[in-house]
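The residues making up each chain are set out below.
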Amino acid sequence: MNTITNRQAICDILLEKAKKDKDIIVVCSDSRGSASLTPFAQTFPEQFVEVGIAEQNLVGISAGLAACGKKVFAASPACFLTTRSYEQAKVDIAYSHTNVTLIGISGGVSYGALGMTHHSCQDFAAMSALTGMRVYIPSDRFQTQKLIAALLEDKEPAYVRISRSATEDVYNESMEFKLNKATVLGEGKDVLLVACGEMVPYAKKAMEELNQKGISTGLIDMYCLKPYDAETLLQQAKDVKLVVTIEEHAPQGGLGSMSAHVLSKYCPKRLVTLSLPDEHLISGTNKEIFEYYGLDTKGIVQAVKKALCII
Amino acid sequence: MDKLTRKSYELRRDIIEMIYKSKAGHIGGDLSVIDILTVLYYDVMNICPENFTDDNRDRFLLSKGHCADALFVVLGDQGFFDKQEAIDTFSQYKSKFIGHPNTEVNGIEINSGSLGHGLSVGVGMALAAKMDKKTYRTYVVLGDGEMAEGSNYEAMMAAHQYQLDNLCATIDFNNLQISGTIDEVMSSVSIAEKFASFGWNVIEVEDGNSCKQLLKAYQEAKQCKGKPSVVIAHTVKGKGVSFMENQKAWHHGVMNQEQYKQAVQELEEVLS
Ligand SMILES: Cc1ncc(C[n+]2csc(CCOP(=O)(O)OP(=O)(O)O)c2C)c(N)n1
């Protein structure tokens with residue numbers, strides 16, 4: 001079982017790249033520990049900026065650094081980063097096309113019992129709504145590293161959401177990665193699952209279980225929520241009876257909404273959108289919350305069977 | 001030992017139990033703020049379970065909401081709910097006693113947990129009192145690290161603009177936040193001068209873990225007319241448990257059994 005978190009994976013690749021690239025700057029808001037970026041701050045103190053508990057300042061300063069040629073990675077809890085500093089993200093980053101990657105750590109319900117202030121269940125919707133902002137939700141550590149490496153190659157704004165705990169491996173070192181191209185993890189004739197982030201390992205297991213039960217099921221890892229990879233979705237959805245989206249997010253404005261938008265326009269299909277509900281969530285660890293709201297392997301399998309009237 | 005001090009140490013014991021059981025919570029900040037909460041709830045404020053629906057009750061906001069653990073223990077002890085239930089279920093599956101103040105819990109005025117909100121909300125509450133010619137006072141407790149949030153300074157301006165002498169802020173000035181000392185992370189030097197320059201009445205408390213000194217400060221604040229008051233309480237993070245004091249690692253550290261026993265023993269010694 002993998003124990004390396006996606007945040008550690010990000011720190012590792014930034015450490016490696018920063019050796020040769022003095023323009024890489026990491027900015028934190030009393031969040032270096034929770035972002036696993038303390039090794040970066042210690043190794044490259046001159047490429048690290050601490051702004052204190054001030055998320056608006058975090059994003060504004062990042063934009064200013066980027067406007068002067070720096071390649072900036074600003075890391076703060078997804079909940080604060082995407083709501084407290086929303087206007088800075090809109091104006092200083094997205095609208096101004098500054099070379100900033102916003103890294104939302106402990107995304108979704110990672111903080112479990114810390115409650116609604118600490119959940120980020122609106123970040124897909126909020127960040128995708130900004131013209132000029134790209135939104136990525138990598139699943140495992142390998143995909144996370146490839147994504148960060150790819151983002152270092154371009155100069156456009158992006159938001160990356162990762163979770164707190166280690167995600168089970170979906171890929172391996174030699175995985176193929178293409179920016180803005182979703183990964184097809186399996187093809188099926190009856191059902192297509194579309195998942196992102198923390199939900200991908202659960203969806204992968206659900207796919208395997210459904211296939212064993214004779215329900216031919218495929219899976220897309222739609223890590224690129226924006227720009228959404230409509231081409232891959234339409235290819236895979238063409239012949240199935242049912243599409244099921246799975247996301248660690250509120251029902252509105254995220255993976256389900258975006259998939260519905262594409263399908264209803266080009267390929268109307270029966271669609272089930274699994275997500276967290278639009279209500280105050282129960283208290284518990286992230287795994288307890290997933291289970292309670294049916295966002296785990298069992299929940300996905302059940303939802304598919306119910307939609308196909310098998311139970 | 002005076003009654004308030006005794007109470008604050010009894011409450012420390014409850015906090016230690018709650019945090020040990022749940023393996024969650026923010027022990028360092030709890031132990032630095034508990035004397036402030038004790039003095040406010042057991043003496044200064046007119047808030048109790050019986051008057052909590054009374055429009056003229058004082059208002060209390062814990063802006064440094066991550067120390068909900070300490071507040072739950074105080075509210076439970078005051079009879080807002082069963083204290084033992086809070087201790088036993090804190091941060092557990094389906095519990096309403098989550099890691100931050102929330103209005104599902106009796107005695108909480110407003111949800112918090114994201115830093116830098118409380119002072120603005122407090123300004124609104126104090127302003128409403130002025131509008132309705134009510135005599136209640138509004139108390140807001142903030143962290144020193146929290147003072148990096150710019151919203152606080154917007155609230156400070158507004159409180160002065162509207163001459164909110166019914167508003168009293170407290171800064172739990174323990175010199176630490178998560179990543180290190182305040183000076184290492186984002187210096188808040190001359191916080192007293194900052195408040196003063198915004199037109200506030202500033203009261204510094206040399207030992208912010210001394211109930212006696214805090215009580216005096218709050219009494220002084222009540223007397224001040226025409227402007228808001230701030231009590232700058234120089235506290236010790238982790239106060240009362242020797243190995244936690246002034247250690248950044250205890251911001252949200254989790255105790256092992258040995259540490260738990262030692263913590264309880266140290267508190268018992270003070271109480272006996
Ligand atoms: C807006 C916001 N940003 C970040 C956090 C995460 N956080 C929780 S506690 C804390 C440190 C608080 O330090 P301080 O205000 O000094 O409190 P104390 O030391 O008394 O615990 C941080 C950064 C938060 N809760 N809210």
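Only a predicted model underlies this, so the values are computations on that prediction, with no experimental measurement involved.

Calculation rules
Residues numbered from 1 in each chain as written. Chains lettered and ligands numbered in written order. Predicted model: local features only at pLDDT ≥ 70, side-chain atom pairs only at ≥ 80, totals over all residues. Heavy atoms only, no water. Helix = DSSP H or I, 4+ residues; strand = E, 2+ residues; numbered from the N terminus. Expected span 1.5 Å × (residues − 1). Buried < 20%, exposed > 50% of the residue type's maximum accessible area, 1.4 Å probe, protein only. Axes fitted to C-alpha atoms, helices over the stretch in contact; angles between N-to-C directions. Parallel < 35°, antiparallel > 145°, perpendicular 65-115°, else oblique. Left-handed = near helix turned anticlockwise from the far one by under 90°. Contact = heavy atoms within 4.5 Å. Nonpolar A, V, L, I, M, F, W, Y, C, P; charged D, E, K, R; others polar. Polar contact = N/O pair within 3.5 Å; in protein donor to acceptor, adjacent residues only side chain to side chain. Domains from an automatic or database assignment. Buried area = accessible area lost by both parts, 1.4 Å probe. Salt bridge = Lys/Arg side-chain N within 4 Å of Asp/Glu carboxyl O. 1 Å grid on protein atoms, 1.4 Å probe; cavity = no way out; pocket = protein on both sides within 12 Å on 5 of 7 lines; lining within 4 Å. Points joined across faces, edges and corners; volume = space filled by probe spheres on them. Near = heavy atom within 4 Å. Areas by Shrake-Rupley, 256 points an atom, 1.4 Å probe, with all protein chains shown as cover. Pairing = 2+ DSSP bridges. Right-handed = clockwise from strand over helix to strand, strands pointing away.

1. As for helix α7 (residues 141-153) of chain A
Part 1 of the reasoning: With 13 residues, α7 of chain A should cover 18 Å at 1.5 Å per step; its first-to-last C-alpha distance of 19 Å lies within 8% of that length.
Part 2 of the reasoning: All of the buried residues along α7 of chain A are Arg141, Phe142, Gln143, Thr144, Leu147, Ile148, Ala149, Ala150, Leu151 and Leu152 of chain A.

2. Notes on the packing of helix α2 (residues 27-44) of chain B against helix α9 (residues 211-223) of chain B
All names here are of chain B.
Part 1 of the reasoning: Relative to each other, α2 and α9 sit at 55°, their axes nearing to 10 Å. It follows from the interaxial angle that α2 and α9 lie oblique. Both α2 and α9 take part in a crossing whose hand is right-handed. On the side of α2, the interface is formed by Asp35, Ile36, Val39, Leu40, Asp43 and Val44, while α9 contributes Cys211, Leu214, Leu215, Tyr218 and Lys222.
Part 2 of the reasoning: Its residues placed into classes, the contact of α2 with α9 shows eight nonpolar, no polar and three charged.

3. A word on the side chain of serine 110 of chain A
Part 1 of the reasoning: Within the secondary structure, serine 110 of chain A sits in the loop between β4 (100-105) and α6 (123-128).
Part 2 of the reasoning: A polar atom in the side chain of serine 110 of chain A sits 3.1 Å from the backbone nitrogen of arginine 164 of chain A.

4. Topic: the domain arrangement of chain A
Put simply, an interface is often sized by how much accessible area is lost when its parts join up.
Residue and element names in this part refer to chain A.
Part 1 of the reasoning: The assigned domain composition of chain A is domain 1 (6-161) and domain 2 (183-307).
Part 2 of the reasoning: Here the C-alpha centre of domain 2 lies 26 Å away from the C-alpha centre of domain 1.
Part 3 of the reasoning: Across the boundary between the two partners, domain 1 contributes 27 residues, which contact 29 residues of domain 2.
Part 4 of the reasoning: When the buried surface of domain 1 facing domain 2 is broken down by residue, Val109, Phe124 and Ile137 rank first, second and third, together holding 27% of it.
Part 5 of the reasoning: Connecting domain 1 to domain 2 are one salt bridge.
Part 6 of the reasoning: Among the salt bridges present, the one from glutamate 248 reaches arginine 161, with a minimum N-O distance of 3.8 Å.
Part 7 of the reasoning: The interface formed by domain 1 and domain 2 includes 16 residue pairs in polar contact (both at pLDDT 80 or more).

5. Notes on the interface of chain A and chain B
Part 1 of the reasoning: Every contact between the two is made by 21 residues of chain A and, on the other side, 25 residues of chain B.
Part 2 of the reasoning: With both chains or domains summed, chain A and chain B bury close to 1,800 Å², and 53% of this area falls on carbon and sulfur atoms.
Part 3 of the reasoning: Our enumeration of links across chain A and chain B arrives at one salt bridge.
Part 4 of the reasoning: In this structure, the salt-bridge partner of glutamate 149 of chain B is arginine 84 of chain A, at a minimum N-O distance of 3.3 Å.

6. Focus: the layout of surface pockets
Part 1 of the reasoning: Approximately 650 Å³ is the volume attributed to the second largest pocket.
Part 2 of the reasoning: Around the second largest pocket, the lining is made up of 31 residues, and of these Gly115, Met116, Thr117 and His280 of chain A together with Asn111 of chain B lie nearest the centre.
Part 3 of the reasoning: Sort the elements by how many residues they give to the lining of the second largest pocket and helix α4 (residues 78-83) of chain A lands first, with four residues.
Part 4 of the reasoning: Tallied by class, the residues present in the lining of the second largest pocket amount to nine nonpolar, 17 polar and five charged.
Part 5 of the reasoning: Taken together, domain 1 (6-161) and domain 2 (183-307) of chain A each give at least three residues to the lining of the second largest pocket, which thus spans both.

7. Examining unusual backbone geometry
Part 1 of the reasoning: Here lysine 226 of chain A and proline 227 of chain A are connected by a cis peptide whose omega angle stands at 0°.
Part 2 of the reasoning: Here proline 227 of chain A is to be found in the loop between β10 (224-226) and α9 (230-237).
Part 3 of the reasoning: The backbone of serine 36 of chain A shows a phi angle near 60°, a positive value even though the residue is not glycine.
Part 4 of the reasoning: With respect to the secondary-structure elements, serine 36 of chain A resides in the loop between β1 (24-28) and α2 (38-43).
Part 5 of the reasoning: The class of serine 36 of chain A is buried, set by a relative accessible area of 15%.
Part 6 of the reasoning: In this structure, lysine 94 of chain B takes a positive phi of about 65° despite not being glycine.
Part 7 of the reasoning: Of note, lysine 94 of chain B is situated in the loop between α4 (83-89) and α5 (118-131).
Part 8 of the reasoning: Note on lysine 94 of chain B: relative accessible area 49%, which makes it partly exposed.

8. Examining the site of the ligand
Part 1 of the reasoning: In the vicinity of the ligand lie 24 residues, with Glu55 of chain A together with Lys64, His66, Asp144 and Lys237 of chain B positioned nearest.
Part 2 of the reasoning: Residue neighbours of the ligand fall on chains A and B, so the site bridges chains.
Part 3 of the reasoning: A distance of 2.6 Å separates a nitrogen atom of the ligand from a polar side-chain atom of glutamate 55 of chain A.
Part 4 of the reasoning: The protein chains hide 97% of the 590 Å² of surface that the ligand would expose on its own.
Part 5 of the reasoning: Taken together, the residues that form the shell around the ligand break down as five nonpolar, ten polar and nine charged.

9. Considering the pairing of strand β11 (residues 242-246) of chain A
Residue and element names in this part refer to chain A.
Part 1 of the reasoning: The element β11 is extensively covered by neighbouring structure, given that five of its five residues are classed as buried.
Part 2 of the reasoning: Burial along β11 is two-sided: Leu242, Val244 and Ile246 facing one way and Val243 and Thr245 facing the other are all buried.
Part 3 of the reasoning: Pairing between strand β8 (residues 191-195) and β11: five bridges, direction parallel. Residue pairing in the sheet places alanine 195 in a bridge with isoleucine 246 of β11.
Part 4 of the reasoning: Assessed by its sense of winding, the connection that carries the chain from β11 through helix α10 (residues 255-266) to strand β12 (residues 270-274) is right-handed.

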